[in-house]
Every structure is written in structure tokens, then in C-alpha cells.
Amino acid sequence: MKTKILSLLAVAATVFGFTPRAGAFAYITNDSTGLPIKWPAGSVPIRIYADNSTKLSDGTTTRATAVQFALQTWNALLGDEQFTWTINPSGTPADNDHFNEVGFSSTIFGQSFGSGVLAVTTDWASGNERVEADTIFNTAYTWDAFDGSLSDAQNFGKQDIRRVAIHELGHNLGLDHPDQATPPQTVTAIMNSHVSNTNRPTADDIAGMQNLYGPAPYGSVPANNNFANAITITLTNNAATVTGFNCNATKESGEPNHAGDAGGRSVWWKWTAPSNGNVSLDTNNSVFDTLLGVYTGSAVGSLTTIASNDDVNPGIIQHSALTFTAKGGTTYYFAVDGFDDTTGPGADSGLITLNLAFTSTGGGTTTFGPSDFNQDGSADILWENTSTGDRSFWIMNHLSIGSFVYLAGIATEWHIVGSGDFDGDGKTDLVWEDTVTGDRTIWYMNGTSLSSFGYIANVPTAWHIAAVADFNHDGHPDLVWENSQTGDRTFWLMNGATIQSMIYLAGISTDWKIVGAADFTGDGNTDLVWENTVTGDRSIWVMNGTTLSSFAFGANVALPWHIAAVADFDGDGHPDLLWENTTTGDRAFWLMNGTSMSSTPYLANIPGVWHIVP
Amino acid sequence: MKHSLASSLASLIRIAAVIGLAAAALTSRATSVIPPTFPDLVKQSDYVIRGVVKSVSAEMVNDATGRHIVTSVEIDVRQVIAGTPPAHVVLTMLGGTVGALTQTVHGAPKFSVGDDDILFVAGNGKNFSPLVALMHGRYPILSDSTGRQFVARNNGVPLYSENDVSLPIGTPSPVKAEQANAQPLSPAAFIGKIQSAYNQSHRPTLEN
């Protein structure tokens, strides 16, 4: 089998040559798990056996301080690991004595070096954890300390302790030779198997090492250490890969065990499902034995577990992988922790790679109306000034105002009539309607900033876009049109900005207006919210795709109040209603539990010419 | 003594070649290992064989210098290329895996059953690694997409010239750089070079 693999490798090399990759560094791996072998977070005590009195040719360095220099060089680059050391003027490294030693000897534990061997590092590992490492310099060579080129005349016949020690201690920490990796890498690195004029760790060496032990400075805590600081994941083409570290992360009070293991170094991400669908989540390409948990809820002490996994194949493939069914509009929290084998050093740590793939099953879309533009898990509110044409976001933290973001000043004949992800980049776009010319366009957004424009169509102004949502479950937002003269309503089933087909819905009195769309019943279909502009009645049409299924939610609210927006404002997975009093300027939520109102928190009083747009 | 222009030029070329080799040796020493020249690789070997790995086993060994894992690699010798190997070749080397414990010797080749290699063996049982200059003493035999066998370096990169053995393991072959259509050495060609070098290094002199 090995021969076959090598043959394939060689064939690939023959055909394509060698392609340096961004991360050319190589790890020493556990043959069973495939994971890098590394020290647990903390300190690595080193015993230096070397003369500390005889100066080398630079006049200040001794053999011992040259080794110490190498230890300090790595220390300055590591996030959750540090060498400590003692200097002993005499002594020789011994094998598997539970001490990490660096020394000079004429043999490797009593055996000959053989020809041409300058120095050797041997290390011991149990599973993925390094438990001992020793480095022996061959006393058959003349050792000195110099930074210059190897070809400098004054360096002829001498070996540089510092650069060799940096290389060997790189092995101690877990890096292997990139030029001997599979496939071999072509990169400038002190970890290459040959010594060169490179005498310090290069960018490639540092990247590889920091993947194992986190970025410097030592002790730095990741930004997403706490649940409250979970980093938002944004999809591109229904997938996302994010990276981070759990080095120096901690477990919070009340935090659950993830996948049934105590862990102890957890970090958090969050993601809001754009519609109902299936999610696969894994930690492939992380450098340690991970734990993975998926939760809903708003506080770390009261989370609901949706799914969790420790190992893909227990003890063998130690990455984590899981699947779950997502409900559109629900914010899911992902915890990644390190496995704690309870032998003492705590949870594993290092680079995390978190991969998410989403397959929409349609429905549940909550991107109509004020939605989550900045993708922080909270639906935002978009305002329009009917006098000046200014548009501005309220970036919400659920029911609280977080910040304000100005969008643009656009002529008042233009109105925003809905929003949805039309280009499939995972970001909410805006649909505009020119009430004078009948043009309809899309602003493709990058969060709260305009990215580019798209044109939909010119449609007579008697028609208005009343709602934007995915009704036919194809993952693309569709348009619901309303004729203000005839009362006809019809769907445009869309593929991005392109119309695919039209489906007639109904002819309903013009007293009634569609004011929003969302999945109120939780059946995966997008429902329509109606408002009678004469009587003040409100109703929900429970839909089955593009067909009326039943009626729900009868309420009569005095007419100065209008439903201005529909979205899941409180993040409970149920769409809510945002009301606007056109007389007083008051705004208030109706927090819904399905088709029933559960509470009515007040938002703000904004009088005058500002209005919330759907 | 007469010196022709041609012989002077040849001498200059030889001197230049020697200087070139010396410069290469100065600028490309391995951290763990100094890559040997091809003649040295052959000369420093007790014997050179082509063989297939029959078995790999590891055991824990205790001695005065501590506790070690020692791996034994049993070789089915397919061809004796140079020197006189024992009837039963078992290479012993420091490092390996016993149960959950693994001892790694960085830079030392790892063997798997079925590996087909040309091996330059020296100090088997006495050196911590029985191969000349660690990874520089092992040359896997691989096959390309047509089934043609070729010789590779320990990292799987094709060997285009016997002189490339003195290059750091990750250095591209100058032969390949100069001749895009250059072919890797076949096992037969490399073995021929080895035997020629061995005969050179063991040629009787007048003093003998």
C-alpha cells in the first residue's frame, strides 16, 4: 500500500511538478489519528547540559546561552506554550527518563551517530501528546555561534549552535521537515532538513508553529472565548469555513459539557439559518481532538442542545462532525472545545477549522422585511425618510437598539419594498421600486453597504411588490405583486433577479394589503400577513407553497397602527410583528408564538417623516 | 613535461568542479545530516542492496542510557549491489511505536511492509540508524503512470542523476531544470552507477 501511495505521489510530481502551498510547514503526526503530536498547553521544562563559561567566537555567547537563545526565539512566537530551562554544565541526555534534555555527546544514547550526522532530536509521544523530547549535538563537530552566511570564510568548518538548536527545538514542539513532507514542499524554512543561511524561524515556520500553540503573545485569549462574543458565520454559496484558536480559552460558569466531555477550552461561533434546511458541521483540518456542540438559546447557562459530537470515529478520527435540521431564522450557537482525557494537562488546544454546509429545504425564510443585515443573529430595522430620501439602519441586538448605520440618500420616488438574498451570497439584498417610472431594481448588499446593482423589470405603477420571500422552496426569494386598482395578487417565482414563472394567487378587495411574509406556523411554508386598511382587521393566510391553505390570527387594531415589518426580532425562531403608529410615531413589537401574540414590548417613538420599511 | 592547451583547460574544469562541490558543501549542510557525495555514499556503505521490506516490528529496550524503542526492519534482498550483506538482513534502528507510545527520530526514514528500496547500509546494529546519512541512504523504487520504475529520493521526489544525492533533500534537480524532458534514473541505471563507483573505490592500487 505504501508503495502504491508513493507511486501516485511520484506520478503527480512528475506531471505537475511541485506547487508550493500557502502552508508548507509539516507536522509530526500520530500515525493512528493523523493529528499532529504536540505538547499540552503550559510549559515545557528543558535541562540544558552545556558549558556556560567558555565564550564562543562572538565573545558573549556560550554553548548554553546559544541553546537558551533558541528557546527564547520560539517562546516569543507561542500563544499557549513556553519553554522553561535550567542550565547544567555537565550531563548527557538520557532516553525516556521523563526529562527533556539538550546536550552534547559523541553518541545517541550509546549508539554511534554514523557519518555526517550533526544533531538528532528524538521524542516520545503517547497518542497525540508529546511526553518527552531530547536533542543531542554531535561532539565530533566544531560548534560555534554565528549569524553570518555558512559560506563565510570565518565560518568554515564550524556549525552554528543557534540555528541548529532552533531547528531541533522546532522538532521538539512538533514541526517536521517540509521538504520531506508528503507531498514535499518547496519553501524557505528553518525547518527544512538542510541548514542554510536561514537562521531564524520564517513566516512558514511561524505559521505552522502557531497553528499548534496559538498566536503570540503568550496567554492571549481568543475574542470568541465567551458565548456572548460568539463570532457570526456568513455563508457563501451555502457554505462557510472559518478558523480560529481555542488556545488560552476557558469554560464559562454554567456552560454545558460539549459532546459529554468536560473539555475546558471552548470558543463560540453563531449562525442564523436563512431558511429551513439541513446543516452539516465538522472540524476537519483542526489540529487537535475536538468536541463540537450546537445550541440554541440566549444565555450560556440555559442552552438547548441541538446536536453534538466528539469523534467522527471514536479514538481514531478525532475530528468532530454532525448534522442537524435547521429552522429558518433561528440562530444556532456552535461551541468547539478540546477533548480532555483527564490525565492532567486539560483540554486539547490549537487551530480550529470549522466547516459548515447548508442545504435549504425551503420555507422558513425570514429575510423579508427588517432582517439581519450585519448577520449578528438579530434582525435589524431599516428606516426611510419620506421627506429627504435618507435611508438608515438600526442595527439591533434583538429588541434593543445596538447602533445606527447610514445607508444612502435616494430620491423619494424610490421605496424599499422588501429584502432577500438574491445572489446567494448569504447576505440580504434590497428590492427597490420607483413609484413614478415603475422600475424595480435590486441593491446587492455586502452587509449594510451597497455592493452592486441589479435590474428586475419595469412594471406599471398600479402594481406594487407587497412581499419578498421564498414561496416555492427553491432557495431563491420570490416576489408577491399586488395591483392597487384591481386587487389582483400574483407571484413572480424568481431565480435571482430573473423571473422564472408567474402564478396567480387571488383577487382580493383593495381594502386589504399584504404587509409581510414569514413562516408563522413552522410548517416550512411562507405565510402572508394581511391588513385591512379600512377596518383595521389583520389576518394571516397560512400557505402551502403558493396556495392558500387556511386562515389564522384574527385581530383588529386601530388604524393609526400599521404592521411595518415582519421578522424574528427576539430570536426565538418565531416571526414577530413590528407596528408603527402613523399618528404618534410610536413603534412596538408584537412578539409572536406561532400565530398567537405573546407580549408587546415597546420600541421607540420616532415622530414625523421617518418610516420603517419592510 | 608538456602541457597542451586542451589538458590545461581540462585541469581548470576539474578545479572548478572541485571548488563548486566545496561551495555546495558549505552552503547546504543538513541540520541533522550532511548529505554525502555520491562517491562517499557508496564508499561509506558496508553494503548496498535492493530489497523489499518483509516485516517491521518494534520493541522496548532498556539499557544503561535509558529506555528506547528499537524497530527491526526485515529485508527480502532482491539484489546485492555492492559489498557483502549477511544472509539475513534485519536493519535495526532507534525509534518506532509500541502500544500507545511512539519514539520519533527526526529525519530517519520510516519503513512499511512492501517498500521496495535501494539501501546504503552502514553500522547496522551499532549506529542509531543503519543507513548512511539517515534519509540520504534510502532510495525508494517507484512507478510512473506507465508502469516504468524509477528511483526516488526518500521524500518521493524522482532522482535524475546520481550526483543529485548530495543535494539537500528538498532541492530541485539541476538536471531536470536544464532538461525539461529528463527522465528519472531507472533502478538498473542507478545500480550501474553504484557498482561503478564501488569498483572505483575498491580498485587495487600499485601500493597494494
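Residues numbered from 1 in each chain as written. Chains lettered and ligands numbered in written order. Predicted model: local features only at pLDDT ≥ 70, side-chain atom pairs only at ≥ 80, totals over all residues.

S.K.: What should I look at first to understand the packing of helix α2 (residues 63-75) of chain A against helix α3 (residues 161-173) of chain A in this one?
M.R.: Packed helices, taken two at a time, are described by the angle between their axes plus the distance between the axes. All names here are of chain A. The N-to-C vectors of α2 and α3 enclose an angle of 50°; their axes lie 8 Å apart at closest approach. Comparing the axis directions of α2 and α3 gives the class oblique. As for how α2 packs across α3, the hand of that crossing is right-handed. Residue-level inspection shows Arg63, Ala66, Val67, Phe69, Ala70, Leu71, Thr73 and Trp74 of α2 in contact with α3, the latter providing Ile161, Arg162, Ala165, Ile166, Leu169 and Leu173. Among the residues making up the contact of α2 with α3, the classes are represented as eleven nonpolar, one polar and two charged. (Axes fitted to C-alpha atoms, helices over the stretch in contact; angles between N-to-C directions. Helix = DSSP H or I, 4+ residues; strand = E, 2+ residues; numbered from the N terminus. Parallel < 35°, antiparallel > 145°, perpendicular 65-115°, else oblique. Left-handed = near helix turned anticlockwise from the far one by under 90°. Contact = placed C-beta atoms within 7 Å. Nonpolar A, V, L, I, M, F, W, Y, C, P; charged D, E, K, R; others polar.)

S.K.: Can you help me understand the environment of Trp124 of chain A in this one?
M.R.: Its location among the elements puts Trp124 of chain A in strand β7 (residues 119-126). Distance from Trp124 of chain A to Asn172 of chain A, taken between C-alpha atoms, is 9.6 Å for residues 48 residues apart in sequence. For Trp124 of chain A, the residues in contact, after removing those within four places along its chain, are Asn96, Val131 and Glu132 of chain A together with Leu101 and Gln103 of chain B.

S.K.: Where do I start with the interface of chain B and chain A in this structure?
M.R.: Taken residue by residue, the interface counts 57 residues in chain B and 53 residues in chain A. Counting only elements with at least two residues in the side of chain B that touches chain A, the list comes to α1 (5-27), β2 (66-83), β5 (101-105) and β7 (138-143) of chain B. If you tally residues by element for the side of chain B that touches chain A, the top one is β5 of chain B, at five residues.

S.K.: What is the right way to read the sheet that holds β5 of chain B from this model?
M.R.: Whenever strands of a sheet pair, they do so through backbone hydrogen bonds, lying parallel or antiparallel. Strand order across the open sheet formed by seven strands is β3(A)-β2(A)-β4(A)-β8(A)-β7(A)-β5(B)-β4(B), with mixed pairing between neighbours. What marks the edges here is a single partner per strand, and that holds for β3 (81-88) of chain A together with β4 (96-98) of chain B. Recorded for the sheet is a direction-independent mean angle of 15° between the axes of neighbouring strands. One ladder, built from four bridges, connects strand β2 (residues 42-49) of chain A with strand β4 (residues 100-105) of chain A; its direction is parallel. Paired with Arg47 of chain A across the strands is Glu101 of chain A, a residue of β4 of chain A. Along the sheet face, α2 of chain A touches β2, β3 and β4 of chain A and points at about 170° away from the line of β3 of chain A. (Pairing = 2+ DSSP bridges.)

S.K.: Could you clarify how one ought to interpret the confidence of the model for chain B in this entry?
M.R.: Detailed reading of the predicted coordinates is not advisable wherever pLDDT is low. Residue and element names in this part refer to chain B. Of all residues in chain B, 82% have pLDDT values of 70 or greater, and the mean over the chain is 84. Ranking the elements of chain B by mean pLDDT puts α1 last with 38 and strand β6 (residues 116-121) first with 98. The low-confidence segment residues 1-30, where pLDDT is below 50, has 24 contacts with residues more than four positions distant or belonging to other chains. The complex model carries a pTM of 0.68, and its ipTM stands at 0.81. (pLDDT = per-residue confidence, 0-100.)

S.K.: Whenever I open this one, α2 of chain A confuses me. Can you help?
M.R.: Side chains of residues three or four places apart in an α-helix project in the same direction, reflecting 3.6 residues per turn. Residues and elements named next belong to chain A. Its 13 residues give α2 an end-to-end C-alpha distance of 19 Å, which sits within 8% of 18 Å, the value for a rise of 1.5 Å per residue. Those residues of α2 not exposed but buried are Arg63, Ala64, Thr65, Ala66, Val67, Gln68, Ala70, Leu71, Thr73 and Trp74. On its buried face, α2 is in contact with β2, β3, β4, β9 (142-144) and α3. (Expected span 1.5 Å × (residues − 1). Buried ≥ 20, exposed ≤ 12 C-beta atoms within 10 Å, placed from the backbone.)

S.K.: How should the pairing of β3 of chain A be read in this particular structure?
M.R.: The side chains of a regular strand alternate, first on one face of the sheet and then on the other. Residues and elements named next belong to chain A. Where β2 and β3 come together, eight bridges link them in parallel fashion. Opposite Ser43, over in β3, you have Gln82 as the bridge partner. Tracing the backbone out of β2, into α2 and back to the parallel element β3 gives a crossover that is right-handed. (Right-handed = clockwise from strand over helix to strand, strands pointing away.)

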